[in-house]
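Notes for the structure review
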Amino acid sequence: MLTLLWALPVAAALAIAVSARRGAWLGPLASTAALVLALALWSRAGSLSVATPWFHGAYGSLISYSLGLSGLSLLLVVLTLLLTALCGVAGLRYGGAFVAWLTLLGGAATGMFLARDLVLFYVFWELMLIPAYFLLVGFGGAGRRAAAWKFLLYNIGGSVALLVGVAALVAFGVTMPGVGVGPISAAGVPAAAVVPVAVALAIGFAVKTPIWPLHGWVADTYAELPAPAAALVGAVQSKAGLYGMLAILIPMLPGGMTRLAPWLIAAGIVSALYGALCALGARDARRVLAYSSVSHLGLITVAFATLEPAALTGGIVQMVAHALFTAGLFLLVGMLEDRLAGPVDVRALGGFARWAPGFAGGLILLGMAALGLPGLAGFPGELLMMVGIYRYSAWLAVLAGIALVLAAAYMLRLIQLVLHGEPQSGAATRDLGGGEKWLLAPLALLVVLIGIWPHPIPQQSSGAVAAIEQLTGAQPAAAAAGSNQGGNG
Amino acid sequence: MTLLLPLAGALILSLLRLPRRVQGLVGAGSILLAFLSGLLMVSSGGGPGPYPFAAHGALSQPGVEVQLGTWLAAGTLRIPLGLWVDGLTAVFVLVITGVGFLIHVYSLGYMAGESDADYGRYFASMNLFVAAMLLLVLADSFPLLLVGWAGVGFTSYLLIGFWYTRPAAVVAARKAFILNTVGDVGLILAIALMAARLGTVDFTGVLGPAGAAALAAHPAVATWIGLLLFVAAAAKSAQLPLQAWLSDAMEGPTPVSALIHAATMVTAGVYLIARTQAVYAASPAAAAWAGDLGALTAFAAATVGVFSYDIKRLLAYSTMSQVGYMISGVAFGAVAAGVSHVVTHAFFKALLFMAVGLVMHAVSDERDMRRMGGLARRLPLARWGFLAGALALAGIPPFAGFWSKDAVMGGLLHGGDLFAYALLALAALLTPFYIFRAYYLTFGGKYRGEGEVHPHASRSLQWPTVVLAVLAVVGGIFAVLLQSGWGTALDPGSMAISTVLALIGWGAAWSIYRGGDIRADAWTAGALGAAVRSEYGWEGLWQGALVRPAHGVAAWLLGAWEGRAWPAAQSATAAGAAALGHGLSLWQSGLVRRYALSMFCGAALLLLWALVR
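As the structure is a computational prediction, the values presented were derived from the model and not from experiment. (Residues numbered from 1 in each chain as written. Chains lettered and ligands numbered in written order. Predicted model: local features only at pLDDT ≥ 70, side-chain atom pairs only at ≥ 80, totals over all residues.)

1. Topic: the overall build of chain A
When helices and strands are tallied, chain A shows 19 helices and two strands. Dimensions of chain A along its principal axes, counting C-alpha atoms only, are 65 × 65 × 40 Å. A total of 489 residues make up chain A; the buried ones form 67% of that total. By sequence separation, contacts in chain A at least 24 residues apart represent 82% of the contacts at least 6 residues apart. (Helix = DSSP H or I, 4+ residues; strand = E, 2+ residues; numbered from the N terminus. Buried ≥ 20, exposed ≤ 12 C-beta atoms within 10 Å, placed from the backbone. Contact = placed C-beta atoms within 7 Å.)

2. A short note on the overall build of chain B
Scanning chain B from N- to C-terminus turns up 25 helices and two strands. Looking at the 613 residues of chain B, the share that counts as buried comes to 58%. Long-range pairs, those at least 24 residues apart, make up 80% of the contacts in chain B with a sequence separation of at least 6.

3. Remarks on the nonpolar core
Residues Val447(A) and Ala350(B) are the most contacted members of the largest nonpolar core, which totals 448 residues. Of the residues that make up this core, three or more belong to each of domain 1 (4–536) and domain 2 (541–612) of chain B. Once residues lying within four places of it in the same chain are set aside, the contact partners of Val447(A) are Leu324(A), Phe325(A), Leu365(A), Leu366(A), Ala369(A), Leu376(A) and Ala377(A). (Core = buried A, V, L, I, M, F, W, Y, C linked by C-beta atoms within 7 Å. Domains from an automatic or database assignment.)

4. Quick notes on the confidence of the model for chain A
All names here are of chain A. Looking at chain A, the pLDDT average stands at 83 and 91% of residues meet or exceed 70. Model confidence for chain A, summarised as mean pLDDT per element, is weakest for helix H19 (residues 475–488) at 38 and strongest for helix H11 (residues 285–306) at 92. Low confidence marks residues 179–183, where pLDDT is under 50. Its contacts with residues over four positions away, or in another chain, come to 16 contacts. Note that residues 474–489 has pLDDT below 50 and, in this model, 22 contacts with residues that lie over four places away or in other chains. (pLDDT = per-residue confidence, 0-100.)

5. Considerations on the pairing of strand S1 (residues 64–74) of chain B
Residues and elements named next belong to chain B. Both S1 and strand S2 (residues 77–85) contribute to a ladder of nine bridges, which runs antiparallel. By the bridge assignment for S2, Thr70 is matched with Pro80. Counting the residues that bridge the hairpin from S1 to S2 gives two residues, and of these Gly75 lies at a positive phi of roughly 60 degrees. (Pairing = 2+ DSSP bridges.)

6. As for the packing of helix H19 (residues 418–443) of chain B against helix H22 (residues 492–513) of chain B
All names here are of chain B. Following both chains from N to C, one finds H19 and H22 inclined at 35 degrees, their axes separated by 8 Å at the closest point. As for the relative orientation of H19 and H22, their crossing is right-handed in sense. Of the residues in H22, those touching H19 at Ala425, Ala428, Leu429, Leu430, Thr431, Pro432, Phe433, Phe436, Arg437, Tyr440 and Leu441 are Ser498, Leu501, Ala502, Ile504, Gly505, Trp506, Ala508, Ala509, Trp510 and Tyr513. (Axes fitted to C-alpha atoms, helices over the stretch in contact; angles between N-to-C directions. Left-handed = near helix turned anticlockwise from the far one by under 90°.)

7. Describing unusual backbone geometry
Put simply, Thr209(A) and Pro210(A) share a cis peptide bond, and its omega is -10 degrees. Each neighbour pair has its own omega, and for Trp212(A) with Pro213(A) the value is 5 degrees, a cis peptide bond. The backbone phi angle of Leu307(A) is positive, close to 60 degrees, even though this residue is not glycine. The residue Leu307(A) is located in the loop between H11 and helix H12 (309–340) in this model. With a phi close to 55 degrees, Ala238(B) is a non-glycine residue in the positive phi region. Here Ala238(B) is to be found in the loop between helix H9 (219–236) and helix H10 (245–248).

8. Concerning helix H16 (residues 394–419) of chain A
All names here are of chain A. The end-to-end C-alpha distance of H16 is 37 Å, a good match for the 38 Å that 26 residues give at a rise of 1.5 Å each. Extensive coverage of H16 is indicated by the burial of 20 of its 26 residues. Just downstream of H16, Gly421 is the residue with a positive phi angle, here 80 degrees. (Expected span 1.5 Å × (residues − 1).)

9. Thoughts on the environment of Gly401(B)
All names here are of chain B. Relative to the assigned elements, Gly401 resides in helix H18 (residues 400–415). Through-space distance from the C-alpha of Gly401 to that of His341 is 7.1 Å; in sequence the pair is 60 residues apart. Residues within four places of Gly401 in sequence aside, it is in contact with Thr344, Phe348, Ala392, Leu393 and Gly395.

10. Some points on the interface of chain B and chain A
The partner chain A presents 62 residues to the 60 residues of chain B that form the contact. The set of elements that each furnish at least two residues to the side of chain B that touches chain A consists of S1, helix H5 (142–160), helix H6 (167–197), H9, helix H24 (538–584) and helix H25 (592–612) of chain B. Taken together, the residues of the side of chain B that touches chain A break down into 46 nonpolar, 10 polar and four charged. (Nonpolar A, V, L, I, M, F, W, Y, C, P; charged D, E, K, R; others polar.)

11. Re the packing of helix H3 (residues 71–90) of chain A against helix H4 (residues 96–114) of chain A
Residue and element names in this part refer to chain A. Between H3 and H4, the least distance of the axes is 9 Å, while the angle of their chain directions is 175 degrees. Classified by the angle their axes make, H3 and H4 are roughly antiparallel. Taking contact as the criterion, the partners of Ser73, Leu76, Val77, Thr80, Leu81, Thr84, Cys87 and Gly88 in H3 are, on H4, Val99, Leu102, Thr103, Gly106, Ala109, Thr110, Phe113 and Leu114. Class assignment for the residues of the contact of H3 with H4 results in nine nonpolar, seven polar and no charged. (Parallel < 35°, antiparallel > 145°, perpendicular 65-115°, else oblique.)

12. Focus on the confidence of the model for chain B
The share of residues in chain B with pLDDT of 70 or more is 87%, and the mean pLDDT across the chain is 81. Confidence drops under a pLDDT of 50 for residues 46–61 of chain B, and excluding neighbours within four residues, the segment shows 44 contacts in the predicted structure.

13. Here we look at the environment of Gly23(A)
All names here are of chain A. The topology assignment puts Gly23 in the loop between helix H1 (2–18) and helix H2 (26–40). The spatial distance from the C-alpha of Gly23 to the C-alpha of Ala100 is 9.8 Å, given a sequence separation of 77 residues. Apart from the residues lying within four places of it in its own chain, the contact partners of Gly23 are Ala15, Ile16 and Gly96.

14. Re helix H6 (residues 144–171) of chain A
Residues and elements named next belong to chain A. Between its first and last C-alpha, H6 extends 39 Å over 28 residues, near the 40 Å set by a 1.5 Å rise per residue. With respect to burial, H6 is a largely interior element, 21 of its 28 residues being buried. At the C-terminal side of H6, Gly173 shows a positive phi close to 80 degrees.

15. Quick word on the environment of Ser73(A)
Residue and element names in this part refer to chain A. Mapped onto the fold, Ser73 is located in helix H3. Residue classification places Ser73 among the buried positions, given that 29 C-beta atoms sit within 10 Å. Between the alpha carbons of Ser73 and Ala45 there is a distance of 8.3 Å; along the sequence they are 28 residues apart.

Okay, here's the thing in structure tokens:
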């Protein structure tokens, strides 16, 4: 059952490839089927697992083909499959090969979110890299070669770091938490190795997310990928690193995580501010969105690293929200690029609201969600993150607050430069077509629904948060001390 | 019900393409129904007891809470989804929907010149605003309040920038949004502090007996919460130091200015501070900061009003000033007085804006009083309406504003903060002066403009103006009832002082401007006038200290770091890798794919080694 979730998209991708790239529609179709299956499992999250021995590794460790569906996994799987289907439909006009790579990417990400074995996790992790690279090289814009080179340089570097960490954990006999996420004994890892292994894992996750200063690949990649691919990579692949923190780094090396936390928090908060400022100055709408992602994901990293329950919950809600509005915004910008037949240079545009009210409505809705307008999906997670971050340190919360104000500034700049002012020459364009509207409608609807009633998301993820809370039981004392300072500071 | 009707109206208007008449009917009708259901809620005891006027101590008693479920939960923190009704809420609900309905009717005529699509967009935004404002005052927890709080900010943004092809409107909209976001972050931090120290963020928990006890035990916590809440209130209510957006917000259509930037949204800060009395009661320091800054705003904005030429901006400064009174009053504990000033101010300030709207329609959207004058005979309704509003604003008894403004000042006189009282007294002197200066320059003397005067007012423009004019004259009764309901007595001594101040201000304006001669206004033209009109150079400070540096840093990061340093580091790494590759193997060919292949192979080998060893 769980296997189908990732195998359906992967099989469809293979089928498209074998059928000489005809039948591209198979991709979104299979993703949708898997999505329906995942939704059918909504109430059974936390109780499903698959485990078959795969092969024996070194030190008597058993590598198994093991999948499990925790609430957190389910959220991310649903998100991935939904976006794979939508981006697949949006990508149909690029041809069969494009849809095949895209669907493979979605299937690999799904597998990764389900994996309950370190080696299996790593296999899916690497499997994501290949389609992303070929989407970039095969279908990217004019600067795709340079962008692909950067993408590979960073991501393979990150993979190697992750591999070292994973191999060490396997060698020390640490296994991945099962579905119920019971307590895991990290006793197998020698004390001296805890921090180096945690660092290796953190680097791997930080590159993928990406977190400053390892973000160098992201702007070019998001700018050069075709819009549907950028939407999927920006929305889903970016969650791999964050998921890795939650599913591997924190539960398997709680001690290492505690030692690493200040560094991750520092890098995360720098990301949040650095990304927001870069987004404020960027010209290309894609780069605005790319830096905006760096900022958002940086803040989520900070939230996770504080290990506060509220911040963890908020970070998970924000992962979901970020995926929805980021995908929607990349798709929207892509639709605008189609009309302009070139990149969206925000400073050379204006007045689109006059000609394309539907487009304007979509951009305002998703942009407002991105800047965290209460009532839309970007807010509940942000609020909980701020609550948790505040408990950790009041000053950190103030810095995060500055990032939120900057988010309003750069998002409004994007919205206003594109939509408002006098219509520029060439702005007379057609509004979103029916197909385009239907493509965006599910995302817009979810963004509004989650904003109004976010509770189902923390309900699904509460298991993961509770498990982490249990593992890092020593943490609340430190947190209380931090909040004391905050209250009196 | 009250809440859902405007929301439904907004949805219908934004998603369906309707004929113009239906758009107007849905827009205004949904607000009327909301008002009626609000009346029903109040009279049928949707709140405990016969609210809003009779119940003594309505603010301290718990209201009726309707819990609908859990909005969000994390760890031990639970945020409910529910509504809260008590006397304070009831007053605001009736003002929002009542004055809101009149302004919607006025808008039917005022916006008649817009295209069908823009007409629908206008009423959709206005309805959404009313819905958000109602959520703000009906929410039962701070996060839900924040949803409404930001919702009104967002719709205000949409409506300030309604004419989005005008650069000034676009800039004004952005400025308003960003300053309001600063306030939102203040509220978020306040919520975070409550969650961290009190463990709860709903009204029952924070403001109820348990919360009050916790706050009293930790005055520092109360002070920080109070200050952070004031940051939010200052942004929304255009108080120092976050006031700079309101005067620019006058770029929006005039009914918008009347509803959002005079009658309702800018009083949200007053609601917040009145609602959180428990916090300010526990922290005199926070109360003093909020109250003194409110009083300072009341005075400073009044001085700018004295020098203004743009009649809408003048009213905006007047709004800042009057909201300063309210904030100062509620912060220093004169809650009934502050809230009753919200009510009367909603009447007379909406009226003043409507009168100005009639004037602007007649003189082709001119806003500069130097090009007006002599309009009394051509625009009798605007003239009498403006006069009624001016008398109420000036605090001349027995008009509406007197009863509430004096109550605030009386409250301060007894509340003991003489600094704030002195500032408010000075503002009370300036208020009649600037508003009658505007009255005489606009309606007295001879017409100084170039274009023709075209008086045209449809019935939808006329009768809301008349209704509000009546309320501006007799609306003081509501203020007095409300104060006596909440147990505040009238103070004859303070009333005498206020009356004298108002008459002196009016007399000064009369002696200078009664002929409506613009030459009498020459003294405002100098360097001093220019400096005051620029809000004492605040805009330059704001731009120089924050906006330009932020953009400068952004450009520097993109240029020096993203453009040069990072790529250089990457090239160095790449060169190192290439050299390594050259040394080690013959694969090196400069093709990215070869690098990729070799790296994949390397990674795979490492993996195998780790597994099999």
